[in-house]
Amino acid sequence: DQEKTLDGKTVLITAGPTYEALDPVRFIGNHSSGKMGFSLAEEAAKRGAKVILISGPSSQTIHRGNIDLHRITSAKEMLEKVFQFYDKIDIGIASAAVADYAPKEIAKEKIKKNEDQLTLELVKNPDILKTMGEKKTHQFLVGFALETQNEEENAKAKLEKKNLDMIVLNSLRDEGAGFKNDTNKIRIFTRTGKKEFDLKSKDEVAKDILDFVEHQLLK
Ligand code: C5P
C-alpha cells in the first residue's frame, strides 16, 4: 500500500525541452525527453500530492488522474504558466531543459535558403527557476544542474544564485545519466548537506528525490 506522504501538498513540476520558433516551421530545441519530470509527477501523485505538470514538447504521457498536465512550447509560455499557479504551490521542481536563448524575431514566412551564410540573432530567455527563487515566500524549490566541469561547485553556486532549497546534480560524465536516457545518476545538495546515489531508473530516481524533499520538509 502506498503511503500518502504528500497528501495536502501541491507540487509544480516543469519538464521537457522548450522549442523557440525561428519561423512557422522551424525551431531551436534540445534533446530533453521529459522523462525525469514525468516520473517525478507520477511519483508525487502516487504519494497523494496535487500535481501541476508543465511540460514542453515531449512524447511522454501521464497515467494518473491527479496530475494537471499543461503542455506549452516556449520558455516564455512556460514562465507564464508557472506563475499562474506559483502562489498556491508548496513544492516547485524545475526539471525542464529550458532553452537559454530564443530567436530575437520570429520570421512570419518560412526562411528561404537564398544566402550562403545566415546569421541568427538570439536573445536570452527568462530564467524561470531564478524568477521563482526571487518571488519565493513559502515554496520549497528544487532545481536540476547538468554539468560537465567543476560540477559540485557549479551546482552549489546555482543553489545560492537561484535561491533554491535543494539542487539535483546529474553529471554528463556518468555513463547512463541525464537527458535522453531511461536511467540517471544523481547527487543532491542542500545548503548544508550532500547525498550521492547509484545509477537507477528515472522512476527510482524520482522516489529518491521525493524522499529527500519530504525529509527536508520535516526538518
Ligand atoms: O542555469 P542552469 O540552466 O544550469 O539551471 C538549471 C536549472 O534551472 C534547472 O532546474 C532548469 O529547469 C532551470 N532553468 C529554468 N529556466 C531557464 C534555465 C534553467 O527554469 N531559463
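Residues numbered from 1 in each chain as written. Predicted model: local features only at pLDDT ≥ 70, side-chain atom pairs only at ≥ 80, totals over all residues.

An unreviewed UniProt entry annotates the protein chain as Coenzyme A biosynthesis bifunctional protein CoaBC of Chryseobacterium populi.

Peer 1: Would you explain the packing of helix 1 (residues 35-46) against helix 5 (residues 202-218) in this entry?
Peer 2: A pair of packed helices is captured by two measures, namely the crossing angle of their axes and the spacing between those axes. Helix 5 packs onto helix 1 with a crossing angle of 60° between their chain directions and a minimal axis gap of 8 Å. Considering the angle they form, helix 1 stands oblique to helix 5. Pair helix 1 / helix 5 crosses with right-handed handedness. Taking contact as the criterion, the partners of K35, M36, S39, L40, E43 and A44 in helix 1 are, on helix 5, K202, D203, A206, K207, I209 and L210. In terms of residue class, the contact of helix 1 with helix 5 is made up of six nonpolar, one polar and five charged. (Axes fitted to C-alpha atoms, helices over the stretch in contact; angles between N-to-C directions. Helix = DSSP H or I, 4+ residues; strand = E, 2+ residues; numbered from the N terminus. Parallel < 35°, antiparallel > 145°, perpendicular 65-115°, else oblique. Left-handed = near helix turned anticlockwise from the far one by under 90°. Contact = placed C-beta atoms within 7 Å. Nonpolar A, V, L, I, M, F, W, Y, C, P; charged D, E, K, R; others polar.)

Peer 1: Would you mind going over the nonpolar core with me for this structure?
Peer 2: Generally speaking, soluble globular proteins have nonpolar side chains that are buried together. Within the largest apolar cluster, 52 residues are counted, with the highest numbers of intra-cluster contacts made by V11, I13, A44, V51, M78, I128 and I167. Residues within four places of A44 in sequence aside, it is in contact with L6, V11, A49, V51 and L210. (Core = buried A, V, L, I, M, F, W, Y, C linked by C-beta atoms within 7 Å. Buried ≥ 20, exposed ≤ 12 C-beta atoms within 10 Å, placed from the backbone.)

Peer 1: Please clarify how the environment of E43 should be interpreted in this entry.
Peer 2: Residue placement: E43 occurs in helix 1. E43 sits in the buried class, given 25 other C-beta atoms within 10 Å. Considering only alpha carbons, one finds E43 and R71, 28 residues apart in sequence, at a separation of 19 Å. When sequence neighbours within four positions are dropped, the list of residues in contact with E43 reads A206, K207 and L210.

Peer 1: Would you explain helix 2 (residues 75-85) in this entry?
Peer 2: The α-helix advances 3.6 residues per turn, and as a result positions three or four apart in sequence lie on the same side. Those residues of helix 2 not exposed but buried are A75, M78, L79 and V82. Down the axis of helix 2, the sector holding all buried residues measures 100°, keeping them to one side. On its buried face, helix 2 is in contact with strand 1 (10-15), strand 2 (20-23), strand 4 (50-55), strand 7 (101-103) and helix 3 (128-134). (Arc of directions from axis to C-beta.)

Peer 1: Help me understand the pairing of strand 9 (residues 140-147), please; the structure alone is not making it clear to me.
Peer 2: Residues in a regular strand project their side chains so that they alternate between the two faces of the sheet. The pairing of strand 6 (residues 91-94) with strand 9 spans four bridges and is parallel. Residue pairing across strands places I91 opposite F140, the latter belonging to strand 9. Looking at chain direction, strand 9 and strand 10 (residues 166-171) are connected through six bridges and run parallel. Counterpart to F144 in the pairing with strand 10 is V168. (Pairing = 2+ DSSP bridges.)

Peer 1: Would you mind showing me how to read the UniProt feature "binding site: CTP" (unreviewed entry) in the protein chain here?
Peer 2: Taking the numbering used here, the UniProt-annotated feature "binding site: CTP" (unreviewed entry) corresponds to D100, K110, P126, D127, I128, L129, F144, K158 and K162. Maximum C-alpha separation among the annotated residues is 38.0 Å over a sequence range of 63 residues, too wide for a single clustered spot. By the secondary structure assignment, D100 is in the loop between strand 6 and strand 7. What makes D100 partly exposed here is the crowd of 14 C-beta atoms within 10 Å. Excluding residues that lie within four positions of it along the chain, D100 makes contacts with K124 and N125. Since 21 C-beta atoms lie within 10 Å of it, K162 is described here as buried. Sequence-distant contacts of K162, defined by excluding residues within four places in its chain, comprise L129, K130, G133 and G143. (UniProt positions renumbered as here; feature names shortened; annotations may be inferred.)

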